[in-house]
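# Coordinate inspection notes
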Amino acid sequence: MMSLIIVLGVLLVLAIIYMIFRVSNLVSIAKGQTDDDRISPNNSLNAALFIVFMILSIGGFFWYSFAHFDDYNLPVASEHGLRTDTLFWITMAVTVAAFVIISVVMFVFIYQYRYRKDRRAKYYPDNHYLELAWTIIPAIVLAVLIFTGLRAWNDITAPASKEAEVVELIAQQFAWTARYPGNKDGELGRVNFKLIDNFGNEFGLDLTDKNSFDDFKSLELHIPKGKEVLLKIRAKDVLHSVYLPHFRVKMDAVPGMQTQFKFIATKTTEEMRRETRNPNFNYELACAEICGRGHFSMKMPVVVDEPEDYERWKAAQESWLKQNPKYMDKVPAALKEAAMIKAGFENDPGTGVAKAKE
Ligand SMILES: [Cu+2]
């Protein structure tokens, strides 16, 4: 209702402005003024206003870009991030230069060649050299930008090395969950979306696969500094997007399809706290795809540790199976013993039956 009133109000104001314009036009015709008498003064005023607009908008553009530089240019903390940042700023320099030249020429021409009674337009049909120049130069510049960008993209998205630390990120409305391959086998267990249930198996973990026994869940993304990390990304409901701004990582999470991104973090959380002089600094993973009402809150804390601290953190994590011992029922009989060991259960000496350590 309120928005309807606002829309009606705006329409009314526009109608009034139009009526004033119409009336003043009719009055000047009634006074016997010619077209030139009416057009010329307004025309010069408009032309001057274009110059004012040009100065304000280009000045505002540069002022904002410099004054808020730190708000949109976060310190970079990954290896490929340095490369993409360099490419970004080269592209920015070229496009801003073109933007400023074209804008200034456009507004100055509007002012310079505004209507004047005694001026006639010059007939200038074409100039082949000029056309060749403005076709070939941008074509070469764009080709260089695109091919260097493509080469960087191919390197960044190339397959990860065998030694890469694999972490699975699962997106759902409106939270992120990480699954680590575990402390025993270092392999992610098989998953199947049909196995996802409401009682604990949020990953859809397939317990007939022995690699799944030691997998563990984390609500914080821990990664080591200086080591390649491969994120395997999936979504359980709608499109989401993994966005790690400090690492210049962005990759969509697509339902029914695994996507991935590999990168090397170059600064630990501690180092970043010192660099930003902010003792409360924390890396963050944010969802970068409007995925529903709670999209704004869909984020995950990220911790970058020294490799030793990372290994220590990993070793301290409890396997998912140990946290959800009822799923032992789903483990095939032949694998039960292996599952007990890998999941970190201990044998109960009293009964001789293995059971979860509380
Ligand atoms: Cu999301």
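Together, Met-1, Met-2, Leu-4, Ile-5, Ile-6, Val-7, Leu-8, Val-10, Leu-11, Val-13, Leu-14 and Ile-17 make up a nonpolar patch on the protein surface, roughly 1,200 Å² of accessible area in all. Mapped onto the elements, Leu-8 comes out in helix H1 (residues 2-30).

Take the packing of aromatic side chains next. Enumeration over the complete set of coordinates arrives at 17 aromatic pairs. Where Phe-69 meets Trp-89, the ring centres are 5.7 Å apart and the plane angle is 35°; that geometry is what we call tilted. One end of the pair, Phe-69, is in helix H3 (residues 69-72); the other, Trp-89, is in helix H4 (residues 79-112), with 20 residues separating them in the sequence. Residue class for Phe-69 comes out partly exposed when judged on its relative accessible area of 30%. An aromatic cluster of three or more residues is present, and its members are Phe-69, Tyr-72, Phe-88 and Trp-89.

Right, let's talk about unusual backbone geometry for a bit. Glycine aside, the phi torsion of most residues is negative, and most peptide linkages are trans. Cis geometry marks the peptide bond from Gln-173 to Phe-174, where omega comes out at 0°. The phi torsion at Arg-248 lies on the positive side, around 55°, for a residue other than glycine. Following the sequence through the fold, Arg-248 ends up in the loop between strand E6 (240-244) and strand E7 (249-253). Backbone geometry places Arg-277, a non-glycine residue, at a positive phi of 50°. For Arg-277, the position within the fold is in the loop between helix H6 (269-276) and strand E9 (283-287).

Roughly 440 Å³ of internal volume is contained in the largest pocket. Around the largest pocket sit 17 residues that line it, and Thr-84, Asp-85, Tyr-243, Pro-245 and Arg-248 are the ones nearest its centre. Elements with a contribution of two residues or more to the lining of the largest pocket: H3, H4, helix H5 (128-156) and E7. When residues of the lining of the largest pocket are assigned to their parent elements, the largest contribution, five residues, is made by H4. Residue composition of the lining of the largest pocket, by class: 10 nonpolar, three polar and four charged. By volume, the second largest pocket is sized at about 300 Å³. Along the walls of the second largest pocket sit 16 residues, with Val-191, Phe-193, Arg-234, Ala-235 and Gly-256 positioned nearest its centre. If you tally residues by element for the lining of the second largest pocket, the top one is strand E5 (residues 228-235), at three residues.

Turning our attention to the coordination of the copper ion. For the copper ion, the full set of protein donor atoms is His-240 (ND1), Cys-287 (SG), Cys-291 (SG) and Met-298 (SD), at a range of 2.0 to 2.5 Å. For the copper ion, the four donor atoms are set out with angles of 91 to 124° between them, so the coordination reads as tetrahedral. Here the donor residues of the copper ion share one chain and are spaced in sequence as H-x46-C-x3-C-x6-M. Comparing Cys-291 with Met-298 shows no difference in burial state: the two are buried.

The next thing to look at is the sheet that holds E7. Taken in spatial order, the five strands of this open sheet run E4-E10-E9-E6-E7, and their pairing is mixed. Each having just a single partner strand, strand E4 (221-224) and E7 make up the two edges of the open sheet. With strand direction ignored, the average angle separating the axes of adjacent strands in the sheet is 25°. Of the pairings in the sheet, the one linking E4 to strand E10 (residues 299-305) comprises four bridges and is parallel in character. Paired with Ile-223 across the bridge in E10 is Val-304. Across the face of the sheet, helix H7 (residues 307-315) comes into contact with E4 and E10 while running at roughly 140° to E4.

What counts, and at which threshold
- Residues numbered from 1 in each chain as written.
- Predicted model: local features only at pLDDT ≥ 70, side-chain atom pairs only at ≥ 80, totals over all residues.
- Heavy atoms only, no water.
- Patch = residues over 30% accessible without salt bridge, like charges linked within 9 Å, V, L, I, M, F, W, Y side chains within 5 Å.
- Areas by Shrake-Rupley, 256 points an atom, 1.4 Å probe, with all protein chains shown as cover.
- Salt bridge = Lys/Arg side-chain N within 4 Å of Asp/Glu carboxyl O.
- Helix = DSSP H or I, 4+ residues; strand = E, 2+ residues; numbered from the N terminus.
- Phe/Tyr/Trp six-rings, centres within 6.5 Å; stacked < 30°, edge-to-face > 60°.
- Buried < 20%, exposed > 50% of the residue type's maximum accessible area, 1.4 Å probe, protein only.
- 1 Å grid on protein atoms, 1.4 Å probe; cavity = no way out; pocket = protein on both sides within 12 Å on 5 of 7 lines; lining within 4 Å.
- Points joined across faces, edges and corners; volume = space filled by probe spheres on them.
- Nonpolar A, V, L, I, M, F, W, Y, C, P; charged D, E, K, R; others polar.
- Donors = N, O, S within 2.8 Å, 3.2 Å for Na, K, Ca; no water.
- Tetrahedral: all angles 85-135°; square planar, octahedral: opposite > 155°, others 65-115°.
- Pairing = 2+ DSSP bridges.
- Axes fitted to C-alpha atoms, helices over the stretch in contact; angles between N-to-C directions.
- Contact = heavy atoms within 4.5 Å.

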